[in-house]
Amino acid sequence: MREKPILATHDGTFHCDDVLAYVLIRRWLAQEGKTEIELVRTRDANVYKDADFVWDVGAVYDPETHRYDHHMPGALLRDDGVPYSAAGLVWLNLGFDICHELYGGFRTKYSAEAEELYQMFMDQDIKFVDWTDDGRSLVEENRLNLDMGLAGLVDAFNQQWFEREPRAGDENFKFLQAARMVESVVISRLSKLQATIEARKTVQKAFDDGQDPYVLVLERNMPWQDAVAHLNLPTLYAVYPSTRNGNEWMVACMSTKPGGFTPTHPFPENWGGLRGDELAKVSGVDNAIFCHKHRFCAAASTLAGAVNLAQNSIEYSQAPSPARDNAPPRGL
């Protein structure tokens, strides 16, 4: 590969998959020490022959020579039968290296965490780029506001019909604007997914070290609901310091869907929406601060008070005793 790689794709209107593919290729090249590149957006097939990377055009899929088109007959299909988009093909072949670098082991050793991160991004992000590019409706997936999805946001960077006649270079400028936005999304999403994976270790240790299998005490908030579901723990509530107020401890209910707001074990109905003395009176916790009206979270001014809110809620609803001696098996 030359010192300044040539990256080639089509000109004209751009879409989420070709912009995302560009971002992923740039990130992979940066890990190779290649920070200077030449982007060529054209329909000239002769350019494709000489380029180091070609995607979304060229009628060739060959990872060895970094050709990532998906428009020709017999294009590679996902396990769900949907064709990979250009971005999907790039992630399929370069994504593991990108994830491995995040764990400090780029091309040095195998990392199970990197492989899991790679697969999570494929299933939760790349999948929907592939689907959108194939024309599959996302309405069935409850993604109704398509204009605010990544594909819709990328499309908004294209030249609009009523704008002045484009000058030379305008399309590339807008393409790169879209790429900067997508790059921020990719970095943030990978970080969020990595945080989800890392939280599992901390949650398992907090559960093992805890006094109550139904109440998880954490030193800080994290994606604990995903960890609880992944580890199959009996946790009903998590307690952790509030990030908005150093004098508050939050009590959050486990949700029916990790990250959601439908609690599996909501606080008692007569707690909902109460604050201060009113909540203290019905909850039996003197330093109770508030209980959300939808009963998925509450707070107290001390750790002990927050734990008591959780335990009193369990007792109030006559849930199984959380006594350690009668607790379900801990961990996996």
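Note that the structure is predicted; figures quoted are calculated from it, not measured. (Residues numbered from 1 in each chain as written. Predicted model: local features only at pLDDT ≥ 70, side-chain atom pairs only at ≥ 80, totals over all residues. Heavy atoms only, no water.)

### Quick notes on the pairing of strand 10 (residues 297-300)
Burial along strand 10 is two-sided: the residues Cys 297 and Ala 299 and Ala 298 and Ala 300 are all buried. Pairing geometry for strand 9 (residues 288-291) and strand 10, over three bridges, is antiparallel. Considered in strand 10, the bridge of Cys 291 is made with Ala 298. Between strand 9 and strand 10, which pair antiparallel and follow one another directly, the connecting turn spans five residues, one of which, Arg 295, has a positive phi of 65°. (Buried < 20%, exposed > 50% of the residue type's maximum accessible area, 1.4 Å probe, protein only. Helix = DSSP H or I, 4+ residues; strand = E, 2+ residues; numbered from the N terminus. Pairing = 2+ DSSP bridges.)

### Focus: the pattern of salt bridges
Applying the stated criterion to the full structure yields 14 salt bridges. Here Glu 113 ties to Lys 201 by a salt bridge, and the two come within 3.7 Å at their closest N and O atoms. Of the two residues, Glu 113 is situated in helix 4 (residues 112-133) and Lys 201 in helix 6 (residues 170-209); the sequence distance between them amounts to 88 residues. Classification of Glu 113 as partly exposed rests on a relative accessible area of 27%. (Salt bridge = Lys/Arg side-chain N within 4 Å of Asp/Glu carboxyl O.)

### Observations concerning the environment of Ser 188
The residue Ser 188 is located in helix 6 in this model. Looking at Ser 188, its side chain comes within polar contact range of the main-chain oxygen of Ser 184, at 2.9 Å. (Polar contact = N/O pair within 3.5 Å; in protein donor to acceptor, adjacent residues only side chain to side chain.)

### Digging into the nonpolar core
Membership of the largest hydrophobic core comes to 44 residues, with the highest contact counts inside it found for Tyr 22, Phe 53, Trp 55 and Trp 91. Of all the secondary-structure elements, those providing two or more residues to this core are helix 1 (16-31), strand 3 (53-55), helix 3 (86-102), helix 4 and helix 6. Among the elements that take part in this core, helix 1 stands out by supplying ten residues, more than any other. Once residues within four sequence positions are removed from consideration, Tyr 22 is found in contact with Leu 7, Ile 37, Leu 39, Trp 55, Phe 175, Leu 176 and Ala 179. One finds Val 239, Val 251, Leu 279 and Ile 314 within the second-largest nonpolar core, a separate group that totals 22 residues. (Core = buried A, V, L, I, M, F, W, Y, C linked by side-chain atoms within 4.5 Å. Contact = heavy atoms within 4.5 Å.)

### Quick notes on the packing of helix 3 against helix 4
Relative placement of two packed helices is described by the angle separating their axes and the distance separating the axes. Two numbers describe how helix 3 lies on helix 4: the axes approach to 9 Å, and their chain directions differ by 150°. In this view, helix 3 runs roughly antiparallel relative to helix 4, as classed from their interaxial angle. With respect to the hand of their crossing, helix 3 and helix 4 are arranged in right-handed fashion. Residue-level inspection shows Ala 87, Gly 88, Trp 91, Leu 92, Gly 95, Phe 96, Cys 99, His 100 and Leu 102 of helix 3 in contact with helix 4, the latter providing Ala 114, Glu 115, Leu 117, Tyr 118, Phe 121, Met 122, Ile 126, Val 129 and Asp 130. Per-class residue counts for the contact of helix 3 with helix 4 are 13 nonpolar, three polar and two charged. (Axes fitted to C-alpha atoms, helices over the stretch in contact; angles between N-to-C directions. Parallel < 35°, antiparallel > 145°, perpendicular 65-115°, else oblique. Left-handed = near helix turned anticlockwise from the far one by under 90°. Nonpolar A, V, L, I, M, F, W, Y, C, P; charged D, E, K, R; others polar.)

### Observations concerning the pairing of strand 7 (residues 237-241)
Counting buried positions along strand 7 gives four out of five residues, so the element sits mostly inside the fold. Relative to strand 7, strand 6 (residues 215-217) is paired through three bridges, and the arrangement is parallel. In the strand pairing of strand 7, Val 217 is matched with Val 239. Of the strand pairs in this sheet, strand 7 and strand 8 (residues 249-253) are connected by five bridges, and their pairing is antiparallel. Bridge assignment links Pro 241 to a residue of strand 8, and that residue is Trp 249.

### Remarks on the sheet that holds strand 6
One open sheet accounts for five strands, arranged 6-7-8-10-9; its pairing is mixed. At either margin of the open sheet sits one strand with a lone partner, and together these are strand 6 and strand 9. Adjacent strand axes in the sheet meet at a mean angle of 20° when their direction is disregarded. Its contacts with the sheet place helix 9 (residues 303-316) against strand 6, strand 7, strand 8, strand 9 and strand 10, and it is angled at close to 165° to strand 7.

### Description of helix 6
A rise of 1.5 Å per residue sets the reference length of helix 6, with its 40 residues, at 58 Å; its end C-alpha atoms lie 59 Å apart and thus fit the reference within 8%. Where helix 6 bends most, at Ala 199, the angle is about 25°. (Expected span 1.5 Å × (residues − 1). Bend = angle between axes of the 7 residues up to and from the residue.)

### Section: the sheet that holds strand 4 (residues 61-62)
Spatial ordering of the open sheet is given by 2-1-3-5-4, a layout of five strands whose pairing is mixed. Each end of this open sheet is capped by a strand with a single partner; those strands are strand 2 (38-41) and strand 4. When strand 4 meets strand 5 (residues 67-68), the two strands line up antiparallel, connected through two bridges. When the sheet's bridge partners are listed, Tyr 61 is paired in strand 5 with Tyr 68.

### Some details on the packing of helix 1 against helix 4
The contact between helix 1 and helix 4 brings their axes to 9 Å, and the two run at 145°. Across from Cys 16, Asp 17, Leu 20 and Leu 24 in helix 1, the residues of helix 4 making contact are Ile 126, Val 129 and Asp 133. Looking at the contact of helix 1 with helix 4, its residues break down into five nonpolar, no polar and two charged.

### Thoughts on helix 9
Under the 1.5 Å per step criterion, the end-to-end length of helix 9 is 20 Å for 14 residues, consistent within 8% with the ideal 20 Å. The set of residues buried in helix 9 consists of Gly 305, Ala 306, Val 307, Leu 309, Ala 310, Ser 313 and Ile 314. On its buried side, helix 9 packs onto strand 6, strand 7, strand 8, helix 8 (276-283), strand 9 and strand 10.

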